[in-house]
Amino acid sequence: MKSMEASKLISFFEEDFCIFHLRSRKKMSVLTEMVHHLALNNRISDEQFIIEMLKNRESLGSTGLGNGVAFPHGRSLAIKELSVLFARSASGVDFDALDGKTTKLFFLILAPSDKGSDTYLAILSELIGLIQKPAKLKSLYEVTDFPSLVKILEEKDQ
Amino acid sequence: MKDEHRLLIALQDLDIMIKEVKDKVTSRELQSLGFKLTGLNELQDARDKLAKKVPRALLQRYEKLTQHYTVAILPVTGSLCLGCFVKLPTSFFSAVSRNELQTCENCGRLLYIP
Ligand SMILES: [Zn+2]
């Protein structure tokens, strides 16, 4: 990934939109906890719509792509602007991942219903590219603060 | 917000998702990223179930609008219709109509005050 793209990708991450110690242990409660966190930070006009949308998205096929990472995503009228939330569970969660393993890292990507669709697919694509690097993935499993998260995402050749 | 308006918003979110999955370019991109999109029938079932709860006349209006627009129902946050960016008349914001779904006179989209 080129450095320009890396900095653009990182600009979508904010300290307020990170949960380094997820409390939830089940698929639906993880989604709820993440959505609630965005609502507390005023990004969502109605949590219920987003939870419903994410639930529907999971019924289309799990967004747990394996290797301990999931990318719940979608568009809703209840999301005010394109938002990315990072969450980490040290113990891992059963998220119906495609490889059957537990999920430790969550990148929630939400876009408004009328715009930002292309951007959210681009973010998804870049993040999925990033986590293909085993060393990066390993560092992410352990990350517990925002500066370290940014550093890991930024580093080119980890 | 009334229940029927909430149902319509949830229905629209679902319709947008279904539209995205049915879009060949988007679905191919998602699949190339590793997502399995095997549950389209489940989504369609959820959509039909939800649509049945919406009052018939309202559903018909909504479905007619979605033939032209991706977003048929949307909130009003300023003085404009965010569907077509035309200024809404002051009568639009009267206390009586606050709880009711209204129609943009210019584009016909359904509007509500959040
Ligand atoms: Zn309009």
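First, a word on what this report is: a plain description of the structure on this page. (Residues numbered from 1 in each chain as written. Chains lettered and ligands numbered in written order. Predicted model: local features only at pLDDT ≥ 70, side-chain atom pairs only at ≥ 80, totals over all residues. Heavy atoms only, no water.)

## Structural notes on the overall build of chain A
Part 1: Broken down by element type, chain A carries six helices and six strands.
Part 2: Along the chain direction, N to C, the helices and strands of chain A fall in the order α-β-α-α-β-β-β-β-β-α-α-α.
Part 3: Compactness check: chain A gives a C-alpha radius of gyration of 14 Å against a globular reference of 15 Å for 158 residues, within 12% of the reference.
Part 4: Once the C-alpha set of chain A is aligned to its principal axes, its extents read approximately 40 × 35 × 25 Å.
Part 5: When the 158 residues of chain A are sorted by exposure, 56% land in the buried category.
Part 6: Long-range pairs, those at least 24 residues apart, make up 68% of the contacts in chain A with a sequence separation of at least 6.
Part 7: Approximately 6900 Å² of chain A is accessible, and the part contributed by carbon and sulfur atoms is 49%.
Part 8: Computing the positive centroid from 20 side-chain charges and the negative centroid from 21, chain A places the two 3 Å apart. (Helix = DSSP H or I, 4+ residues; strand = E, 2+ residues; numbered from the N terminus. Rg over C-alpha atoms; globule rule 2.2 N^0.38 Å. Buried < 20%, exposed > 50% of the residue type's maximum accessible area, 1.4 Å probe, protein only. Contact = heavy atoms within 4.5 Å. Areas by Shrake-Rupley, 256 points an atom, 1.4 Å probe, with all protein chains shown as cover. Lys, Arg positive; Asp, Glu negative; His and termini not counted. Charge placed at Lys NZ, Arg CZ, Asp CG, Glu CD.)

## Description of the coordination of the zinc ion
Residue and element names in this part refer to chain B.
Part 1: Taken together, C81 (SG), C84 (SG), C104 (SG) and C107 (SG) make up the protein donors of the zinc ion, found 2.2 to 2.4 Å from the metal.
Part 2: In this structure, the zinc ion is coordinated by four donor atoms arranged in tetrahedral fashion, with angles at the metal of 105 to 114°.
Part 3: Sequence spacing of the donors to the zinc ion: C-x2-C-x19-C-x2-C. Of this pair, C84 sits in the loop between β1 (73–75) and β2 (102–103) while C107 sits in the loop between β2 and β3 (110–112), and the two are 23 residues apart along the sequence.
Part 4: Assessed through its relative accessible area of 22%, C84 is described here as partly exposed. (Donors = N, O, S within 2.8 Å, 3.2 Å for Na, K, Ca; no water. Tetrahedral: all angles 85-135°; square planar, octahedral: opposite > 155°, others 65-115°.)

## Description of the nonpolar core
Here is a general trend for soluble globular proteins: nonpolar side chains tend to be buried in one another's company.
Part 1: Counting residues in each nonpolar core, the largest one holds 95 residues, and the members touching the most others are F13, M34, F71, L124 and L149 of chain A.
Part 2: Examining the composition of this core, we find that 10 residues originate from one element, helix α1 (residues 3–22) of chain B, more than from any other. (Core = buried A, V, L, I, M, F, W, Y, C linked by side-chain atoms within 4.5 Å.)

## Topic: the interface of chain A and chain B
Part 1: The interface is formed by 26 residues belonging to chain A together with 30 residues belonging to chain B.
Part 2: Each partner contributes to the roughly 2300 Å² buried at the junction of chain A and chain B, and carbon and sulfur atoms together form 67% of this total.
Part 3: Interface area lost by chain A to chain B is led by F49, L60 and L77 of chain A, which between them contribute 33%.
Part 4: The tally of links from chain A across to chain B stands at two salt bridges.
Part 5: One salt bridge connects R6 of chain B with D46 of chain A, and the closest N-O pair in it is separated by 2.8 Å.
Part 6: Across the contact surface, chain A and chain B share seven residue pairs in polar contact (both at pLDDT 80 or more).
Part 7: Listing elements by their share of the side of chain A that touches chain B, those giving two or more residues are α3 (47–60), β4 (73–76) and α4 (117–130) of chain A.
Part 8: Tallied by class, the residues present in the side of chain A that touches chain B amount to 11 nonpolar, 11 polar and four charged. (Buried area = accessible area lost by both parts, 1.4 Å probe. Salt bridge = Lys/Arg side-chain N within 4 Å of Asp/Glu carboxyl O. Polar contact = N/O pair within 3.5 Å; in protein donor to acceptor, adjacent residues only side chain to side chain. Nonpolar A, V, L, I, M, F, W, Y, C, P; charged D, E, K, R; others polar.)

## Focus on the pattern of salt bridges
Residue and element names in this part refer to chain A.
Part 1: One pass over the full model with this rule turns up 10 salt bridges over all chains.
Part 2: Among the ionic pairs, K151 bridges to E155, the shortest N-O distance being 3.8 Å.
Part 3: Judged by its relative accessible area of 30%, E155 falls in the partly exposed class.
Part 4: Each member of the salt-bridge network shares a partner with another, and the members are E14, R43 and E81.

## Regarding helix α5 (residues 134–142) of chain A
Residues and elements named next belong to chain A.
Part 1: Along α5, the residues classified as buried are K136, L137 and L140. End-on view of α5: buried residues confined to an arc of 100°, all on one side of the axis. Projecting away from the buried face of α5 at angles above 90 degrees are the exposed residues P134, K138 and E142. (Arc of directions from axis to C-beta.)

## Points about the packing of α3 of chain A against α1 of chain B
Part 1: The geometry of α3 of chain A relative to α1 of chain B is characterised by a closest axis approach of 10 Å and an angle of 35° between their N-to-C directions. For α3 of chain A against α1 of chain B, the interelement crossing comes out right-handed. Residue-level contacts link Q48, F49, M53, N56, R57 and L60 of chain A of α3 of chain A to R6, I9, A10, D13, L14, M17 and V21 of chain B of α1 of chain B. (Axes fitted to C-alpha atoms, helices over the stretch in contact; angles between N-to-C directions. Left-handed = near helix turned anticlockwise from the far one by under 90°.)

## Here we look at the packing of α1 of chain B against helix α4 (residues 56–66) of chain B
All names here are of chain B.
Part 1: Relative orientation of the contacting elements α1 and α4 amounts to 35°, with a least axis distance of 11 Å. Crossing handedness for the pair α1 and α4: right-handed. On the side of α1, the interface is formed by E4, L8, L11, Q12 and D15, while α4 contributes L58, L59 and Y62.
Part 2: Along the lines of polarity and charge, the residues of the contact of α1 with α4 split into five nonpolar, one polar and two charged.

## Some details on the side chain of T63 of chain A
Part 1: If you trace the backbone, T63 of chain A turns up in the loop between α3 and β2 (64–66).
Part 2: For T63 of chain A, a relative accessible area of 0% translates into the label buried.
Part 3: Look past the residues within four positions of T63 of chain A in its chain and what remains in contact with it is R57, E58, V69, A70, F71, P72, H73 and F95 of chain A together with F35 of chain B.

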